[in-house]
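Geometric and topological summary
Below are the chains, spelled out letter by letter.
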Amino acid sequence: MRKLITSIVLTILCLFTHAQASSTTEGDSLLFLANKYVESVQSGKNDDAISYGSQLINKWNNSPYEKDSVYYMYAYGLSKLYYSAGNYEQSLQLKNEMLPLVKNIYGRQHPDYAVILNDIALCYSNLHDYSHAILINNKALEIWKDICGTNHPYYATSICNLAYCYYNLNNYLEASRLYKEFLEIWKSLYGKSHPDYVNNLIYLASCYDELANYSEAIKHYEEALEITKKLYGIQHPNNSTIFNNLANCYCELGQYMESIQYAKKALDNTKYIYGTSHPYYATSLSTLATCYLKMGEYIEALRTSQEAVEINKEKYGTNHADYASSLNILASCYSAMGKYSEAIRLNKEVLEIREQIFGKNNSVYATSLNNLSTCHFELGNYTEAIRLEEEALVIVKNLYGKNHLKYAKNLNNLASYYSQLGNYAEAIRLNNEALEIVGTLYGCPHPNYIMLLGNLASSYSGIGNYKEALRLNNDIIKTTKELFGIHHPTYVTALCNLASCYSEMGNFQEAIRLNNEALKILKDKEGTNNSNCATIFDNLSVCYSSLGDFSKAIHMNREALSIWKGIFGTSHPCYAKSLNNLTQDYYCF
């Protein structure tokens, strides 16, 4: 602000000289407006400053004075005020008008020309036009490279701005490359204990997070956490953000106890800084709810997400992105609990809010379509479920193209539907297409690739190609064990899928062995009061029943019923299914 006031004072002196030389009323009027402008800026009345500034520049454009360096200095200050006020369109318009003027005064290879380009790129970025922002940033980058070299703050800042654009375009590989380049330059200039270093370290960690490279993400988040503690102490907003992100990463890795610990740390830290009625507190509640949801603790997830919804509703009302996000988690809770009608009602509300705020051609709108589609499928509305999933697929394709993880995930969702409907040929086709995309992007030993292989194996099992299904499932178990170890949810899922394959082949003894191995891992890690254990008990009951051991089958059914009742109550489809199996086993027994 001090630089801005200094430049404006110089502008006034120049205007005063112009006015004296011309002795015109135009000069006096310009000088009066410039004085009022400076007074407004100095007193912090930015709205008044913008009003006087816009009058001044309009009058200047209609005066005999030429647009010289004085005009540029003033116009630049006004454009910064527009930017600070969030009026990016007006700031962009003014900066674009200044660009040819700066080029004529200083030429292209000048710092002022590069600064204007950087500012224009920032305006485009804030208007979410990241493609234009990248184009302009690259022009500025070349100028800074020629003027200052690559080990300079201005060059590094342009690199950082580019990384931010690629991040928001979901090109996390390119964003991570640029963030690493920025961090190396910044570290050599200022060391690690610098606010800009730690802020962009968090962005780099977020890139790894989005790429599902959770171990690398955790490493960078923890480094950022240590620096933030040294810079600001433990009670700082950055720490809450990092705690939330660490909670999400550990949750994805299946390390739920660590996940809950970090989510609670985020909650405590946010509560200390902002209190319990702040949106940031609601964000931490949503993170905790997501962790509980992944653990299968649906009642606790429901309670926590409802609290987050109420805070956001009180703060923003019902037509806000944060309210929609928290409502989305609440809908996921109801969906996981089998209350699909309530989940559909909430998902429709989320969909309407997101359409009003972002429009239909947006990734969060597509995500809401996915969630709504899942609920309809579970209720047996298969035609509607597939229609919604295909609508989401078109949006994702338009936004990111076919060679993107989000597109592959949508293909996988459709493949799952077709597989459950018995259309295995279409499911296999879609799974193979998704696998090719993920394999090209990340290679084979990647969590998303493993998930897709599991679905492909299920489809082969569905058409009776057990040889291929067994081969794929065994490959998944081997890869998952090497990547994550035997206590990871993906490994447990792989064991259960292989068990299902043996069960369908009639090899019930091997299916029982694999199910018991999966059950032991879950018991040791989470206890038995969760939906995953209940599902395994159900599967074991089927195996024992098929072997004619109805006593053990009944025991397994009772275990499953007890868990389903505790989680969902007695009106849930899972409880009804177990009860039906138990009735049949008693009849046979």
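To start, this report covers the structure provided alongside it. Here the structure is a predicted model, which is why all the values come from computation and not from measurement.

Rules behind the numbers
Residues numbered from 1 in each chain as written. Predicted model: local features only at pLDDT ≥ 70, side-chain atom pairs only at ≥ 80, totals over all residues. Heavy atoms only, no water. Helix = DSSP H or I, 4+ residues; strand = E, 2+ residues; numbered from the N terminus. Areas by Shrake-Rupley, 256 points an atom, 1.4 Å probe, with all protein chains shown as cover. Lys, Arg positive; Asp, Glu negative; His and termini not counted. Charge placed at Lys NZ, Arg CZ, Asp CG, Glu CD. Core = buried A, V, L, I, M, F, W, Y, C linked by side-chain atoms within 4.5 Å. Buried < 20%, exposed > 50% of the residue type's maximum accessible area, 1.4 Å probe, protein only. Contact = heavy atoms within 4.5 Å. Disulfide = S-S within 2.5 Å. Axes fitted to C-alpha atoms, helices over the stretch in contact; angles between N-to-C directions. Parallel < 35°, antiparallel > 145°, perpendicular 65-115°, else oblique. Left-handed = near helix turned anticlockwise from the far one by under 90°. Salt bridge = Lys/Arg side-chain N within 4 Å of Asp/Glu carboxyl O. Expected span 1.5 Å × (residues − 1). Phe/Tyr/Trp six-rings, centres within 6.5 Å; stacked < 30°, edge-to-face > 60°.

Assigned secondary structure in the protein consists of 28 helices and zero strands. Structurally, the protein occupies a C-alpha span of about 110 × 50 × 45 Å along its principal axes. Of the roughly 27,100 Å² of accessible surface on the protein, 49% is carried by carbon and sulfur atoms. Side-chain charges in the protein split into 49 positive and 57 negative, and the spacing between the mean points of these groups amounts to 2 Å.

If you look at soluble globular proteins, the nonpolar side chains tend to sit buried side by side. Counting 194 residues, the largest nonpolar core has Ile 116, Tyr 221 and Leu 246 as its most contacted members. Residue contacts for Tyr 221: discarding those within four places in its chain leaves Ile 202, Ala 205, Ser 206, Asp 209, Ile 242, Asn 245, Leu 246 and Cys 249.

Before going further, it helps to examine the state of the cysteines. For the structure on display, the rule yields zero disulfides. With no disulfide of its own, Cys 501 has Cys 543 as its nearest cysteine by sulfur position, at a separation of 12 Å. With no disulfide of its own, Cys 574 has Cys 533 as its nearest cysteine by sulfur position, at a separation of 14 Å. Assessed through its relative accessible area of 25%, Cys 574 is described here as partly exposed.

Turning next to the environment of Val 38. Mapped onto the fold, Val 38 is located in helix α2 (residues 25-42). Sequence-wise, Val 38 and Gly 53 are 15 residues apart; in three dimensions their C-alpha atoms are separated by 9.1 Å.

Turning to the packing of helix α13 (residues 256-274) against helix α14 (residues 279-295), a few remarks are in order. As a packed pair, α13 and α14 sit with axes 9 Å apart at the nearest point and diverge in direction by 165°. As summarised for this structure, α13 and α14 are arranged roughly antiparallel, according to the angle between their axes. The chirality of how α13 crosses α14 is left-handed. Every residue of α14 that contacts α13 at Tyr 256, Met 257, Ser 259, Ile 260, Ala 263, Lys 264, Ala 266, Leu 267, Thr 270, Lys 271 and Tyr 274 is listed here: Tyr 280, Tyr 281, Ser 284, Leu 285, Thr 287, Leu 288, Cys 291, Tyr 292, Lys 294 and Met 295.

Okay, the side chain of Ser 419 next. Structurally, the position occupied by Ser 419 is in helix α20 (residues 405-420). Residue Ser 419 is classed as buried on the basis of its relative accessible area of 13%. Not counting chain neighbours up to four residues away, the residues in contact with Ser 419 comprise Tyr 424, Ala 427 and Ser 459.

According to the stated counting rule, one finds 19 salt bridges in the structure shown. Between Glu 252 and Lys 294 there is a salt bridge; the shortest N-O distance is 2.9 Å. With Glu 252 in helix α12 (residues 237-252) and Lys 294 in helix α14, this residue pair connects regions lying 42 residues apart in the sequence. Judged by relative accessible area, Glu 252 falls into the partly exposed class, the value being 37%. According to the relative accessible area criterion, Lys 294 is partly exposed, its value standing at 38%. One salt bridge connects Glu 391 with Arg 387, and the closest N-O pair in it is separated by 3.5 Å. Residue Glu 391 and its partner Arg 387 are located together in helix α19 (residues 382-400), separated by four residues, close to a single helical turn.

Moving on, we get to helix α6 (residues 111-126). Residues spaced three or four apart along an α-helix point in a common direction, a consequence of the helix completing one turn every 3.6 residues. For α6, with 16 residues, the first-to-last C-alpha span of 22 Å sits near the 22 Å given by 1.5 Å per residue. Among all positions in α6, only Tyr 113, Ala 114, Ile 116, Leu 117, Asn 118, Asp 119, Ile 120, Ala 121, Cys 123, Tyr 124 and Ser 125 are buried. Two residues or fewer past α6, His 128 is found with a positive phi of approximately 65°.

Now for the packing of aromatic side chains. Within this structure, the stated rule accounts for 13 aromatic pairs. Measuring from centroid to centroid gives 4.6 Å for Trp 144 and Tyr 154, while their planes differ by 50°, and the two rings are tilted. One end of the pair, Trp 144, is in helix α7 (residues 130-148); the other, Tyr 154, is in helix α8 (residues 153-168), with 10 residues separating them in the sequence. The class of Tyr 154 is partly exposed, set by a relative accessible area of 44%. Put simply, the rings of Tyr 164, Tyr 167, Tyr 172, Tyr 179 and Tyr 203 pair up and form one aromatic cluster.

Once that is clear, we can look at unusual backbone geometry. Not every positive phi belongs to a glycine, and His 128 is a case in point at roughly 65°. Position of His 128 among the secondary structure elements: in the loop between α6 and α7. Judged by its relative accessible area of 59%, His 128 is exposed.

So, on to the packing of helix α9 (residues 172-190) against helix α10 (residues 195-210). Contact geometry of α9 with α10 gives a least axis separation of 9 Å together with a crossing angle of 155°. Judged by the angle between their axes, α9 and α10 are roughly antiparallel. For α9 against α10, the interelement crossing comes out left-handed. Taking contact as the criterion, the partners of Tyr 172, Ala 175, Ser 176, Tyr 179, Lys 180, Phe 182, Leu 183, Trp 186 and Lys 187 in α9 are, on α10, Asp 196, Tyr 197, Asn 200, Leu 201, Tyr 203, Leu 204, Cys 207, Tyr 208 and Glu 210.

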